[in-house]
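Inside the fold
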2 protein chains.
Amino acid sequence: MPQLTMKKEINVIRDGERSAVGDEVVVEAPLTIYLNGQELVTLLCTPDKKESLALGFLRSGGLLSSLDEVAGVRMSEDGNAVEVTLKNKSNLVEQLYGKYTITSGGGKGVVFFSALDVVPGPPVPEGGISITAEEICSLMSSLQESAAIFKATGGVHSAALADTRKIIIFCEDIGRHNAVDKIIGQSLLQGIPLHDKVLVCSGRLGSEILLKAAKLQLPLLISRAAPTTLSIELAESLNITLVGFVRDRRMNIYTHPHRVKK
Amino acid sequence: MPQLTMKKEINVIRDGERSAVGDEVVVEAPLTIYLNGQELVTLLCTPDKKESLALGFLRSGGLLSSLDEVAGVRMSEDGNAVEVTLKNKSNLVEQLYGKYTITSGGGKGVVFFSALDVVPGPPVPEGGISITAEEICSLMSSLQESAAIFKATGGVHSAALADTRKIIIFCEDIGRHNAVDKIIGQSLLQGIPLHDKVLVCSGRLGSEILLKAAKLQLPLLISRAAPTTLSIELAESLNITLVGFVRDRRMNIYTHPHRVKK
């Protein structure tokens, strides 16, 4: 059984009291799916049931419809890839081109950017921002107060760009990534520098959102929800302060706690 | 200002009492981004701040780094597309091929399947399943009891395939889609028919998950969380019963309530 959670040393702040504790974090890992010897896609996932995930991904995408079509399913030795071989290989490449090639103008594919696609830039420089635990709690409250669509429907994520005092840009979207991309686009439009700002999120902090922040040299990410192991490791090496589970008067600081003053 | 929520007529069951009420649902809409006249991607999103979303998506993906590089941003008349033109067009096609073409073997892209990529099949046939409100609540409790990684970390979604009585397959993943794809793959591996089963989800029911279920002819989807307008409309036309916000002893039935017996 692969390891699905991992203990990380974190700082917990509760009612102003800071303590160092071990905390279980969900493991996030890449899984590459090969189809008939061709690399098809790399998913970021919880690393169990990998053969099921590969088959289900192909089934969902209409690339196979029953197990009868499958000649073999093989896991790589390192466990990071699953190779699926189909009995009937005719037209597959053509199908793939038709389905996934963005530049063909067919308008059929949706592409998200992979965490693995990003070569992380240099670490975020020191300085930039220094914030108190109280300010973090207050920004999270502001995020929740601003969340009009969420209040009406319960169906969206929200994200905000803030300085230590207040929210500067607020966005909501059904997609976590869209909400962050809206923030990024709007800060471009308004010419707002990001190196001294906070990204405030309602949703989970996966590696992809972390890498978006790193590219923009954002020094501080805070969220009501959980990070993953991969996002913690990236934040560690990129000098980003990652704060999760900001709720009521408590929070977990996963990396670089020095930016959070008592 | 585009409409971001929409009133839908739904059935609410609370402590066994059923009533018809109007409920606000979040709007989900496609937005196609064109870059230098070429169709790049279609995102499903909350339809506001579309220019920001387009620019942020390009910025996140490394296709532009400052507003100085942008010659123009234009919204289509119907509001369903944003066209971004860059000043420097050199190498762009090559970059795009390098970045997004899956079959190039570069292994750099992550592709998700688009709701818009799916031609919905025939509606799910009648029959299949009939369930009581109590059984729905009990399945949701089982899902939460099974959620071991969630309990440890708070960082994952869970999904299950069930009959009216019990969970048959249970999966957890950091990605909502992955959790459902694991279910689909495992049901393929075990040869479990789906036309008389329930898909139980912890996360939101967006159109993409709905279309996955439709392809498999699953008649009933239940979730602790919210659906979107697009998923309700698809469920309506595909004869799928969509039940959301299953919490404590209440739930919202959005479509085809006849499969839920008193």
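Residues numbered from 1 in each chain as written. Chains lettered and ligands numbered in written order. Predicted model: local features only at pLDDT ≥ 70, side-chain atom pairs only at ≥ 80, totals over all residues.

Concerning the packing of helix H6 (residues 207–215) of chain A against helix H7 (residues 229–238) of chain A
All names here are of chain A. Basically, it comes down to this: The angle between two axes is taken between their N-to-C directions and runs from 0 to 180 degrees, where each axis is a line fitted to C-alpha atoms and a helix contributes only its stretch in contact. Helix and strand definitions follow DSSP, with helices as H or I runs of at least four residues and strands as E runs of at least two, each counted in order from the N terminus. Here the word oblique covers every angle except those under 35 degrees (roughly parallel), over 145 (roughly antiparallel) and from 65 to 115 (roughly perpendicular). Two helices crossing with the near one rotated counterclockwise from the far one by less than a right angle form a left-handed crossing, whereas a clockwise rotation gives a right-handed crossing. Contacts are defined on C-beta atoms placed from the backbone: any two residues whose C-beta positions lie within 7 Å are in contact.
For the pair H6 and H7, the least separation of the axes is 8 Å and the interaxial angle reads 20°. Comparing their axes, H7 and H6 come out roughly parallel. Crossing of H6 over H7 shows right-handed handedness. Residue-level inspection shows Ser207, Leu210, Leu211 and Ala214 of H6 in contact with H7, the latter providing Leu230, Ser231, Leu234, Ala235 and Leu238.

Quick look at the domain arrangement of chain A
Filter applied, for reference: Each domain's extent was defined by an automatic or database domain assignment.
Domain boundaries in chain A define domain 1 (29–111) and domain 2 (124–261). Here the C-alpha centroids of domain 1 of chain A and domain 2 of chain A sit 33 Å apart.

A word on helix H1 (residues 50–60) of chain A
We count it as follows: Counting other C-beta atoms within 10 Å of its own, a residue is labelled buried from 20 upward, exposed at 12 or fewer, and partly exposed in the gap between, with every C-beta atom placed from the backbone.
Burial runs high along H1 of chain A: 10 of the 11 residues are buried. Within H1 of chain A, the full set of buried residues consists of Lys50, Ser52, Leu53, Ala54, Leu55, Gly56, Phe57, Leu58, Arg59 and Ser60 of chain A. On its buried face, H1 of chain A sits against strand S3 (29–35), strand S4 (38–45), strand S5 (70–75) and strand S6 (81–86) of chain A together with helix H5 (176–190) and helix H6 (207–215) of chain B. Looking at the residues trailing H1 of chain A, positive phi occurs at Gly62 of chain A, about 80°.

Observations concerning the pairing of strand S11 (residues 198–201) of chain B
Residues and elements named next belong to chain B. Basically, it comes down to this: Strands qualify as paired when DSSP identifies two bridges or more between them. Seen with its strands pointing away from the viewer, a crossover is right-handed when the path leading from the first strand over the helix to the second is clockwise.
Burial along S11 is two-sided: the residues Val198 and Val200 and Leu199 and Cys201 are all buried. Relative to S11, strand S9 (residues 157–162) is paired through 4 bridges, and the arrangement is antiparallel. In the sheet register, Leu161 faces S11, and the bridge partner there is Leu199. With 4 bridges joining them, S11 and strand S12 (residues 220–223) adopt parallel strand pairing. Considered in S12, the bridge of Val198 is made with Leu220. Where the polypeptide runs from S11 across H6 and back to S12, its parallel neighbour, the crossover connection is right-handed.

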